[in-house]
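# Coordinate analysis (summary)
These are the residues of each chain, in order.
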Amino acid sequence: MSQTNVAAPTPTAGPATKRPPRLRIRTSWVPVLAAVAILIIMFLAAQLYFGRFLTPRLLSSLLVDNAYLMVLAAGMTFVILSGGIDLSVGAVMAFTGMLAAKLLLIGVPVAVVIPTMLAAGAVSGLIIGIMVQYFDVQPFIASLAGMFLARGLCFVVSLEAIQVKDPTVLGLQSTKLGDFEWYLTPTGIIALVVIAIAAWVLGYTRFGRTVYAIGGNVHSARLMGLPVARSKVLVYVISGICAGIAGLLFTSYTAAGYSLNGIGTELDTIAAVVIGGTLLTGGSGYALGSLIGVLVYGVIKVSITFLGADSSWTRITIGVLLLAFVVVQRLIVRRANRH
Amino acid sequence: MTRIFKHRLIWPIAALVALIVLNSISRPSFLSITITRGQLYGSLIDILRDSAPLMLVALGMALVIATRGIDLSVGAQMAISGSVALTIIADSKTPNSLGTVVVAILAGVAITLVFGLWNGFLVAVVGIQPIIATLVLMLAGRGIALLITGGFITTITSTPYAVLSQGHVLGFPVAFLVSAIAIAIVTVLVRRTALGVLTEAVGINPSASRLAGVRSRGIVWSLYGLSGLLAGMAGILYSSNIMAADANNAGINIELDAILAVVLGGTSLAGGKFTLAGTVIGVFIIQTLTSTITFLGVPPAVTPVFKAVVVIIVCLSQSQRMRGWISGLRPPKRLVVTTPNETPIATNRTTA
């Protein structure tokens, strides 16, 4: 079992640098480009096989149906880039959705409910972050505790599903902007905005560079005088807030809060981020890559529905793809080590 | 006295005793064991029986964790072995014959052994992080199980198969005996041979152990295989309990319970030193906790909250900062606390 932590490219390999060394930039973009290639191949193959696949309607729904996953993936990208992992996102998403449904049911105005959702997500992220940073608990276990806690609290809020009737929340999904063919819902717009913000923060802010530096080598980051402790807590808070936003999108998508929502979503999110080219050891990856990863996931899901095959094939395909990408990453890391 | 308090198993045992005392105060019948027709009955016996699948999984998990690994796929492997075994029994013309059942069990366990070795191959040979290597099978495994059962919940009627969960031998439930045999075999395997020491060597320092001539690759590889094998057996016990192969729900979240049991028992997730006795106690704590919660009338769905609280307490109590605070000898100095986080070993841990 040989572990490699050295391999992640330095933070200067990101898009922010003016003239990065040629090889470096290729190394960190290769998995993303591979994901883009796979996405295009899948689109073309599906188009050839099904005939009418690449329709504006399908492309629009691909974005809208996976909006919550994109938001989760954006948050997860931060955590994985810093060298951690957050298993709590699916449960936190379900919990914030459940909380919102309950609050709306008892008549709390929506202007209070939505900030409450984000705050609930942020608090759960904060707890995980503090456990990871200050109590030296492994991210995997800390976020596992967060997952248990959030999932259990769902059932404390209510054992049954709660229907959501609030027009603002439902409007996020039901308002269709654009014509009948190309359309976009506010949920889709929120998802794209979140991805854009994530890409900007990671690429062009001091905090973003710190996250890359921590994932690359936490040692050097600390020696460089970067605010390691603060940033490490912050990535989990960001992931928590993203889970809160995803909770809003998912509630609006399903029009109900339900405790069993989003079981296994954390795995889908991690898979999407990894397929999108983020190195699991941290330090290398892009928010835009995660967007591509989610789209690959979406296309697999739709194709399997189109084929009429058993939906269990979605998970198998994602698993195989995840494996393929991890092996590719492993090879890239090995090659980078030799240089 | 100090020596007793310093013993690594003192806290897990104290927790278990506390739980049992709490239970016996709130319901005096908790401790009573009755003998009906030569068979033991009672709450404690139920705990012994119901903990069997978790026990098997946790044993494998303890060894995998000792190598600095983790096996997330155990739940999915349970689903696979149950599906294989029950599909064989359901398709055979003689579901009640002992031969069919033995073949079915062997087939179920064999296939998870193969999957376990596959995990080991990815970790030890390809060099993928354990959490991801096993995540692949965790994702795909339930899909595979669903394909085996054709998307249905296969149900069977087979007397020999039912004995596994409902039968008694020498007064004890068969499921408990299976887990006891597994504990015995694994203990002999790791403590009466060099395997345990070598495993700890690999977990404490892979590079040093390699330089010392330990063939870590083979050890890690085979331990994942063992974990798969034990998970397979757990899947057989689970499916025998409900006499159905439920690909979606068999062993769901058991990987988390197993990790929790190992950690509760005092094995560090950082790898290295492991304790099988602690793991066994950890399993009993979890099972007693579950049974307590059920008895208190809390909806089973809320159980995760209690488990989360336990995980947080245990993890915090294991952290250096908290120990420093409690002992009061060392004020929480920043330097002391952050040092372990900075070593390369600790960095590895976060990815494991």
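Residues numbered from 1 in each chain as written. Chains lettered and ligands numbered in written order. Predicted model: local features only at pLDDT ≥ 70, side-chain atom pairs only at ≥ 80, totals over all residues. Heavy atoms only, no water.

### A look at the overall build of chain A
- When you go through chain A residue by residue, the secondary structure sums to 14 helices and four strands.
- By the compact-globule yardstick of 20 Å for 339 residues, chain A fits well, its C-alpha radius of gyration being 20 Å.
- Principal axes of the C-alpha set define a box for chain A whose edges measure 60 × 55 × 35 Å.
- Counting only contacts in chain A whose residues sit at least 6 apart along the sequence, the fraction spanning at least 24 positions is 78%.
- Carbon and sulfur atoms form 68% of the exposed surface of chain A, whose accessible area is close to 13400 Å².
- Taken together, the 22 basic and 10 acidic charged side chains of chain A have centroids lying 17 Å from each other. (Helix = DSSP H or I, 4+ residues; strand = E, 2+ residues; numbered from the N terminus. Rg over C-alpha atoms; globule rule 2.2 N^0.38 Å. Contact = heavy atoms within 4.5 Å. Areas by Shrake-Rupley, 256 points an atom, 1.4 Å probe, with all protein chains shown as cover. Lys, Arg positive; Asp, Glu negative; His and termini not counted. Charge placed at Lys NZ, Arg CZ, Asp CG, Glu CD.)

### Details of the overall build of chain B
- In terms of helices and strands, chain B carries 18 helices and six strands.
- Each of the 352 residues in chain B was classed as buried or not, and the buried ones make up 56%.
- Put simply, 77% of the contacts in chain B that link residues at least 6 apart link residues at least 24 apart.
- Put simply, chain B shows about 14800 Å² of open surface, and 70% of that area lies on carbon and sulfur atoms. (Buried < 20%, exposed > 50% of the residue type's maximum accessible area, 1.4 Å probe, protein only.)

### Looking at the pattern of salt bridges
All names here are of chain B.
- Scanning the entire structure with this criterion turns up four salt bridges over all chains.
- Residues arginine 49 and aspartate 46 are paired through a salt bridge, measuring 3.8 Å at the closest nitrogen-oxygen approach. Remark: aspartate 46 and arginine 49 occur in helix H3 (residues 43–50); sequence separation between them is three residues, near one turn of the helix.
- For lysine 273, the salt bridge identified is with glutamate 200, shortest N-O distance 3.7 Å. Here lysine 273 is found in the loop between helix H13 (254–264) and helix H14 (276–295), whereas its partner glutamate 200 is found in helix H10 (residues 195–204), with 73 residues between them in sequence.
- Assessed through its relative accessible area of 48%, lysine 273 is described here as partly exposed.
- Taking the relative accessible area as the measure of exposure, glutamate 200 reaches 10% and is therefore buried.
- The network of salt bridges with common partners includes Asp46, Arg49 and Asp50. (Salt bridge = Lys/Arg side-chain N within 4 Å of Asp/Glu carboxyl O.)

### Overview of the side chain of Ser240(B)
- Looking at the element boundaries, Ser240(B) is found in helix H12 (residues 216–242).
- Those residues within four positions of Ser240(B) in sequence are excluded, and the remaining contacts are Tyr161(B), Ala162(B), Leu164(B), Ser165(B) and Gln166(B).

### Some words on the interface of chain B and chain A
- Contacts between the two partners involve 59 residues from chain B, matched on the other side by 50 residues from chain A.
- Taken together, the two surfaces of chain B and chain A that pack against each other cover about 5000 Å², and 73% of this comes from carbon and sulfur.
- If you look at where chain B meets chain A, you find zero salt bridges.
- Here chain B is connected to chain A by zero residue pairs in polar contact (both at pLDDT 80 or more).
- Counting residues per element, the ones that place at least two in the side of chain B that touches chain A are helix H6 (98–126), helix H7 (130–149), H13, helix H15 (303–318), helix H16 (320–327), helix H17 (334–342) and helix H18 (344–351) of chain B.
- When residues in the side of chain B that touches chain A are grouped by element, the largest group, twelve residues, is from H7(B).
- Class assignment for the residues of the side of chain B that touches chain A results in 39 nonpolar, 13 polar and seven charged. (Buried area = accessible area lost by both parts, 1.4 Å probe. Polar contact = N/O pair within 3.5 Å; in protein donor to acceptor, adjacent residues only side chain to side chain. Nonpolar A, V, L, I, M, F, W, Y, C, P; charged D, E, K, R; others polar.)

### A word on the domain arrangement of chain B
- Under the domain assignment, chain B is made up of domain 1 (2–318) and domain 2 (320–352).
- Each of domain 1 of chain B and domain 2 of chain B has a C-alpha centre, and these two points are 30 Å apart. (Domains from an automatic or database assignment.)

### Here's the deal with a nonpolar patch on the surface
Residue and element names in this part refer to chain B.
- The grouping of Leu113, Leu117, Trp118, Phe121, Trp221 and Leu229 at the surface amounts to a nonpolar patch, some 450 Å² of accessible area in total.
- Residue assignment for the nonpolar patch shows that the elements contributing at least two residues are H6 and H12.
- No other element matches H6, which puts four residues into the nonpolar patch.
- Structurally, leucine 113 is set in helix H6.
- The class for leucine 113 is partly exposed, based on a relative accessible area of 31%. (Patch = residues over 30% accessible without salt bridge, like charges linked within 9 Å, V, L, I, M, F, W, Y side chains within 5 Å.)

### Focus: the environment of Leu164(B)
Residue and element names in this part refer to chain B.
- Its location among the elements puts leucine 164 in helix H8 (residues 159–166).
- On a C-alpha basis, the gap between leucine 164 and alanine 301 in space is 27 Å, while along the polypeptide they are 137 residues apart.
- The contacts of leucine 164, once residues within four sequence positions are left out, are Ile105, Val174, Ala175, Ile236, Leu237 and Ser240.

### Quick notes on the nonpolar core
- In this structure, Phe140(A), Ile141(A), Ile70(B), Tyr161(B) and Ile259(B) are the most contacted members of the largest nonpolar core, which totals 203 residues.
- In this structure Ile70(B) touches Phe140(A), Met61(B), Val64(B), Ile65(B), Pro130(B), Ile131(B), Thr134(B), Tyr224(B), Ile259(B) and Leu269(B), once residues within four positions along its chain are discounted.
- Formed by nine residues, the second largest nonpolar core is a distinct cluster that contains Ala79(B), Val84(B), Phe115(B) and Ala145(B). (Core = buried A, V, L, I, M, F, W, Y, C linked by side-chain atoms within 4.5 Å.)

### Remarks on the packing of helix H4 (residues 52–66) of chain B against H13(B)
Residues and elements named next belong to chain B.
- Across the interface, H4 lies against H13 with an axial gap of 8 Å and an inter-helix angle of 65°. Read as a crossing pair, H4 and H13 show a hand that is right-handed. Every residue of H13 that contacts H4 at Pro53, Leu54, Val57, Ala58, Met61, Ala62 and Ile65 is listed here: Ile254, Glu255, Asp257, Ala258, Ile259, Ala261 and Val262. (Axes fitted to C-alpha atoms, helices over the stretch in contact; angles between N-to-C directions. Left-handed = near helix turned anticlockwise from the far one by under 90°.)

### Topic: helix H5 (residues 110–134) of chain A
- Given a rise of 1.5 Å per residue, 25 residues ought to cover 36 Å, and the 35 Å separating the end C-alpha atoms of H5(A) matches this to within 8%.
- Once H5(A) finishes, Asp136(A) follows within two positions and takes phi at roughly 60°, a positive value. (Expected span 1.5 Å × (residues − 1).)

### Focus: the packing of aromatic side chains
Residues and elements named next belong to chain A.
- On inspection of all chains with the given rule, the structure shows eight aromatic pairs over all chains.
- Between phenylalanine 50 and phenylalanine 306 the ring centres are 5.1 Å apart and the planes differ by 65°, which places this aromatic pair in the edge-to-face class. Note that phenylalanine 50 is positioned in helix H1 (residues 22–50) and phenylalanine 306 in helix H13 (residues 287–307), a separation of 256 residues in sequence.
- Judged by relative accessible area, phenylalanine 50 falls into the partly exposed class, the value being 23%.
- Residue phenylalanine 306 is classed as partly exposed on the basis of its relative accessible area of 40%.
- Their ring planes at 20° and their centres at 6.2 Å tell us that phenylalanine 78 and phenylalanine 207 sit as a pair that is stacked. Placement of the pair is phenylalanine 78 in helix H3 (residues 67–81) and phenylalanine 207 in helix H9 (residues 206–216), with a sequence separation of 129 residues. Here phenylalanine 78 matches phenylalanine 207 in class, with each residue buried.
- Cluster of aromatic residues (ring-pair linked, three or more members): Tyr49, Phe50 and Phe306. (Phe/Tyr/Trp six-rings, centres within 6.5 Å; stacked < 30°, edge-to-face > 60°.)

### Remarks on the packing of H3(A) against H13(A)
All names here are of chain A.
- Remark: H3 packs on H13, axes separated minimally by 9 Å, with the N-to-C direction vectors making an angle of 140°. The orientation of H3 relative to H13 falls into the category oblique. For the element pair H3 and H13, the recorded crossing hand is right-handed. Seen from H3, the contacting residues are Leu69, Met70, Ala73 and Thr77; seen from H13, they are Ala287, Ser290, Leu291, Val294, Leu295 and Tyr297.
- For the contact of H3 with H13, a count of residues per class yields eight nonpolar, two polar and no charged. (Parallel < 35°, antiparallel > 145°, perpendicular 65-115°, else oblique.)

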